[in-house]
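Per-entry structural report
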Amino acid sequence: MDQITSHVLRDEETEITVLSLGCAVMDWRVRDRPVVLGYADPDHYRQNPGSMGIICGRVANRISGARFVIDGVTHDLPANAPPHHLHGGPHGIGRRNWDMTPDGDRAVELRLVSEDGDQGYPGQVAFRVVLRLHGGRLTWEMDGVPDRATPINLAQHLYFNLHGQGTVADHSLRIAADHYTPNGPDLVPLGRIDPVEGTDFDFRTPIRLGDGHGWDGNLVLRQGAAPAAELVGPDGMTLRLWTDRPGLQVYTSNSLSHVFPEGSGAAHGRFAGVCLEAQDLPNAMNEPAFGSILCTPDAPYRQVTSIEIG
């Protein structure tokens, strides 16, 4: 079993612990307050039923029916959220141990080669993730270079609780999104892009999260909006998110439960944290109107997402 390594990024009031396993952010502290959920032991991330803190992929979110077609060839994937495929599969890149190269207190680089056929995906992909910390802002630079056409859609899957304890009921969330992709009861998008007006996904003005019944769905971000999202805790601690991706999945840990001993953040349970997963639109391989996530050697994958907490 590969040894899990870690590296700590430090910058003024912020300290972030990154693991080689899944590029997971295990701990994030601002003025010594924990602002993300985590497990107490790095080895717990080998199982990690909540996908806590990791980079999800090769394709984040759900792929309907656990299959897609490229050039007339059907590719079958493991249905780890039956009958669908979720977050790259049970042994996706967020469950793999990456090669980690620290770069002082402010950056760390992680690399992984995902082999042809890995979790059913075609082609070999060389992944590289660089995390940089500056001025309290953590930036993910995520690249994937395939040797043939293959879908890639990565997403960071951190659970945020800016109070460091309790639930996120007293947090308020604003998102610059006029549209969303409504889901069916199986949490797979219905294939439409609808206005948020009059729906539970209208975050254009701040919503107190405790006033809802929980969220697990994708918003279509307003292009050029900066920041794309803003989360404010009960005492004014604020998270701001910037991304070059068109979508943002909001998940309020509706089905999260205590499985392993918790780290320094809030205890795990429903509404213990909120995930803000910058991504391409979910199930795009089976919904042409959602845009292409096919990458090639000449058009590799690239994402830049930044989150600042202070």
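First, a word on what this report is: a plain description of the structure on this page.

Here is what the cut-offs are and how they apply
Residues numbered from 1 in each chain as written. Predicted model: local features only at pLDDT ≥ 70, side-chain atom pairs only at ≥ 80, totals over all residues. Heavy atoms only, no water. Helix = DSSP H or I, 4+ residues; strand = E, 2+ residues; numbered from the N terminus. Buried < 20%, exposed > 50% of the residue type's maximum accessible area, 1.4 Å probe, protein only. Contact = heavy atoms within 4.5 Å. Areas by Shrake-Rupley, 256 points an atom, 1.4 Å probe, with all protein chains shown as cover. Lys, Arg positive; Asp, Glu negative; His and termini not counted. Charge placed at Lys NZ, Arg CZ, Asp CG, Glu CD. Pairing = 2+ DSSP bridges. Polar contact = N/O pair within 3.5 Å; in protein donor to acceptor, adjacent residues only side chain to side chain. Salt bridge = Lys/Arg side-chain N within 4 Å of Asp/Glu carboxyl O. Core = buried A, V, L, I, M, F, W, Y, C linked by side-chain atoms within 4.5 Å. Phe/Tyr/Trp six-rings, centres within 6.5 Å; stacked < 30°, edge-to-face > 60°. Lys NZ or Arg CZ within 6 Å of the ring centre and 35° of its normal.

Turning next to the overall build of the protein chain. Counting secondary structure elements, the protein chain contains zero helices and 26 strands. Its C-alpha atoms give the protein chain principal-axis dimensions of about 55 × 50 × 35 Å. Per-residue burial for the protein chain yields a buried fraction of 56% across its 310 residues. Summarising the internal contacts of the protein chain: among those between residues at least 6 apart in sequence, 67% fall at separations of at least 24. In the form shown here, the protein chain has an accessible surface area of approximately 12100 Å², with 47% of it arising from carbon and sulfur atoms. A gap of 1 Å separates the mean positions of the 25 positive and 39 negative side-chain charges of the protein chain.

A few words now on unusual backbone geometry. With omega at 15 degrees, the peptide bond leading from Gly-57 into Arg-58 counts as cis. Here Arg-58 is to be found in the loop between β5 (55–56) and β6 (62–63). The omega torsion of the bond from Pro-82 to Pro-83 falls at 0 degrees, within 30 degrees of zero and hence cis. With respect to the element layout, Pro-83 can be found in the loop between β8 (73–76) and β9 (85–86). Positioned with a positive phi, Ala-66 is a non-glycine residue whose angle comes to about 55 degrees. Inspection of the secondary structure puts Ala-66 in the loop between β6 and β7 (67–70). Given a relative accessible area of 5%, Ala-66 falls into the buried group. At His-87, a residue that is not glycine, the phi angle is positive and equals roughly 55 degrees. Tracing the backbone through its elements, the reader meets His-87 in the loop between β9 and β10 (99–103).

Attention now goes to the sheet that holds strand β24 (residues 275–279). The five strands are arranged β18-β17-β20-β23-β24 in an open sheet whose pairing can be described as antiparallel. A single partner strand is all that each edge strand has here, and the edge strands are β18 (194–195) and β24. The sheet contact formed by strand β23 (residues 247–251) and β24 spans five bridges and is antiparallel. Counterpart to Val-250 in the pairing with β24 is Leu-276.

Below, the discussion takes up the sheet that holds strand β21 (residues 229–232). One open sheet holds the nine strands; their spatial order is β10-β11-β12-β13-β26-β22-β21-β16-β19, and the pairing between them is antiparallel. One side of each edge strand has no neighbouring strand; the edge strands of this open sheet are β10 and β19 (207–208). The pairing of β21 with strand β22 (residues 238–243) spans four bridges and is classified as antiparallel. The residue of β22 that forms the bridge with Ala-229 is Leu-241.

Among the secondary structure elements, Ser-114 is positioned in strand β11 (residues 107–114). Within polar-contact distance, the side chain of Ser-114 engages the side chain of Asp-118 at 2.6 Å. Every residue in contact with Ser-114, bar those within four places of it in the chain, is listed here: Arg-58, Ile-93, Arg-96, Gly-123, Gln-124, Val-125 and Phe-127.

Scanning all chains against the criterion turns up 26 salt bridges. In this structure, the salt-bridge partner of Arg-137 is Glu-308, at a minimum N-O distance of 3.1 Å. On the criterion of sequence distance, the pair formed by Arg-137 in strand β13 (residues 137–146) and Glu-308 in strand β26 (residues 301–309) is long-range, its members being 171 residues apart. What you see here is one network of salt bridges that share partners, running through Glu-109, Arg-111, Arg-128, Asp-143 and Arg-302.

In terms of nonpolar packing, the biggest core is built from 58 residues, with Trp-28, Leu-131, Trp-140, Phe-160, Ile-175 and Ile-309 touching the most fellow members. Judged by nonpolar contacts, the second largest core, of 20 residues, contains Leu-21, Tyr-45, Ala-266 and Ala-272.

Turning to the pairing of strand β17 (residues 177–181), a few remarks are in order. Where β17 lies against strand β20 (residues 216–221), four bridges are found, and the strand directions are antiparallel. Of the residues in β20, the one forming a bridge with Ala-177 is Leu-221. In this sheet, β18 lies alongside β17 in antiparallel orientation, the contact comprising two bridges. Bridge pairing in β18 places His-179 opposite Pro-195.

This paragraph deals with the packing of aromatic side chains. Taken as a whole, this structure holds eight aromatic pairs when the rule is applied. Taking the centre distance of 6.4 Å and the plane angle of 50 degrees together, the rings of Trp-98 and Phe-127 count as tilted. With Trp-98 in the loop between β9 and β10 and Phe-127 in strand β12 (residues 125–134), this residue pair connects regions lying 29 residues apart in the sequence. Pair check on accessibility: Trp-98 and Phe-127 agree, each one buried. Taken together through their ring pairs, the aromatic side chains of Tyr-39, Tyr-45 and Phe-260 make up a single cluster. Positioned above the aromatic ring of Trp-242, the side-chain terminus of Arg-137 is 3.8 Å from the ring centre.

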